[in-house]
Amino acid sequence: MRVRETARGWTAVWLVVLALAQTAAFLLVWRFAVHTELGQWLDTVALTGNRIGQDRIDGPVNRILNAMSVVSLLAVTAMIGFIALIRGRKALAVTATLLIAGANVSTQLLKRYLDRPDFGIDPERAAAGNSLPSGHTAVAASVAIALILVLPPKLRVAGAFLGAGYAAAAGVATLSAGWHRPSDAVAAFLVVGAWAAAAGLVLLFFQRDQAVVSPADAHRVAAAVLGLAGAVALVVSALALSWLVDRSTVPVEELARRPLFIGYAGSAAGIAGTIAVVAALVLAVVHRLVPRWKG
């Protein structure tokens, strides 16, 4: 019993660290991307570079984005709650629903109340004001993370990879369609990640006495592969954006095709890498949050 309580305690500490780390990362992304001229310039380069090859991806991009609506979100949330309920997990059903609701409501509140100074870098979109974090990206990510929580152990890995892939596609689609800057999508993933850590703490608190954490349900290899893929994508993104920094004195409208493409592709890699790491962190600990039951 003491060993079990100690394990739960360390898991709770890890979740608190994850929540704080992702909140801090969100604040850093917001301050750099929104409140510095270099951050706004990099975002604008990526958003301008989305026109390269846009005619070839317009169809898939529109299908991904048009599939997201309030009705579809409610339907998917109900489905996720139903999966948890048929597994006999009432607390899980409620927690997964609150995760989706909390992540998306807080995203909309942040987008509304965070300010965006105008440095004259992106005059075409200056009147639109702040767009961080991305609502569409938060919808996709919150559903993906909630799905990892509610799926049975045998389906979690597939759910994690498919969910992360879908969320990454949604985030890149908002950039490709010109709806959002890349920092908006990255910030949305971090908001969802922080909510996922909070949801994990709730699940730990309501964990039943007959809960049994089975090493067989741990997905260490899959989580490592997903996390490593995300880390590699983030390194690629950092290298691409670092290459652009030396050209930051050039107005965006005067940049050639190559830097615009590097800004767009590097930002897309950063979007995909962020959700891969967030999903990997959830996958690595979910067997302790939703364990088996004795009997």
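Each remark here, short or long, concerns the structure printed above.
As a starting point, this report considers the structure included with it. Just so you know, these numbers come straight off a predicted model, no measurement behind them.

What follows covers the overall build of the protein. Across its full length, the protein carries 10 helices and two strands. In sequence order, the protein lays out its α and β elements as α-α-α-α-α-α-α-α-β-α-α-β. Over its C-alpha trace the protein gives a radius of gyration of 20 Å, about what one expects of a compact globule, namely 19 Å for 295 residues. In terms of overall dimensions, the protein has a C-alpha envelope of 70 × 35 × 35 Å along the principal axes.

Where helix α4 (residues 70-86) meets helix α6 (residues 135-150), the axes come as close as 9 Å, and the angle between the chain directions of the two elements is 10°. Considering their axes alone, α4 and α6 lie roughly parallel with respect to each other. Seen from α4, the contacting residues are Leu73, Val76, Ile80, Ile83 and Ala84; seen from α6, they are Val139, Val143, Ala146, Leu147 and Val150.

Turning our eyes to something else, we now look at a nonpolar patch on the surface. A cluster of nonpolar side chains, contributed by Trp10, Val13, Trp14 and Val17, occupies part of the molecular surface with about 440 Å² of accessible area. Note that Val13 resides in helix α1 (residues 2-35).

Before going further, it helps to spend a moment on helix α10 (residues 257-289). Taking 1.5 Å per residue as the helical rise, α10 with its 33 residues ought to reach 48 Å, and the 48 Å between its terminal C-alpha atoms agrees with that figure. Where α10 bends most, at Leu283, the angle is about 30°. Along α10, 24 of the 33 residues are buried, which leaves the element largely enclosed by surrounding structure.

Where charged atoms from two side chains of opposite charge approach closely, those side chains can pair. According to the stated counting rule, one finds two salt bridges in the structure shown. The salt bridge involving Asp122 is made with Arg125; its shortest N-O contact spans 2.9 Å. Residue Asp122 is classed as buried on the basis of its relative accessible area of 8%. In this structure, a network of salt bridges that share partners links the residues Asp122, Arg125 and Arg181.

Right, let's talk about helix α9 (residues 220-245) for a bit. Residue pairs spaced three or four apart in an α-helix point in one direction, given the helix's 3.6 residues per turn. Compared with an ideal rise of 1.5 Å per residue, which puts 26 residues at 38 Å, α9 spans 37 Å between its outermost C-alpha atoms and is within 8% of the ideal. When α9 is considered as a whole, its buried residues turn out to be Ala222, Ala223, Leu226, Gly227, Gly230, Ala233, Ser237, Ala240 and Leu244.

About the thresholds
Residues numbered from 1 in each chain as written. Predicted model: local features only at pLDDT ≥ 70, side-chain atom pairs only at ≥ 80, totals over all residues. Heavy atoms only, no water. Helix = DSSP H or I, 4+ residues; strand = E, 2+ residues; numbered from the N terminus. Rg over C-alpha atoms; globule rule 2.2 N^0.38 Å. Axes fitted to C-alpha atoms, helices over the stretch in contact; angles between N-to-C directions. Parallel < 35°, antiparallel > 145°, perpendicular 65-115°, else oblique. Contact = heavy atoms within 4.5 Å. Patch = residues over 30% accessible without salt bridge, like charges linked within 9 Å, V, L, I, M, F, W, Y side chains within 5 Å. Areas by Shrake-Rupley, 256 points an atom, 1.4 Å probe, with all protein chains shown as cover. Salt bridge = Lys/Arg side-chain N within 4 Å of Asp/Glu carboxyl O. Expected span 1.5 Å × (residues − 1). Bend = angle between axes of the 7 residues up to and from the residue. Buried < 20%, exposed > 50% of the residue type's maximum accessible area, 1.4 Å probe, protein only.

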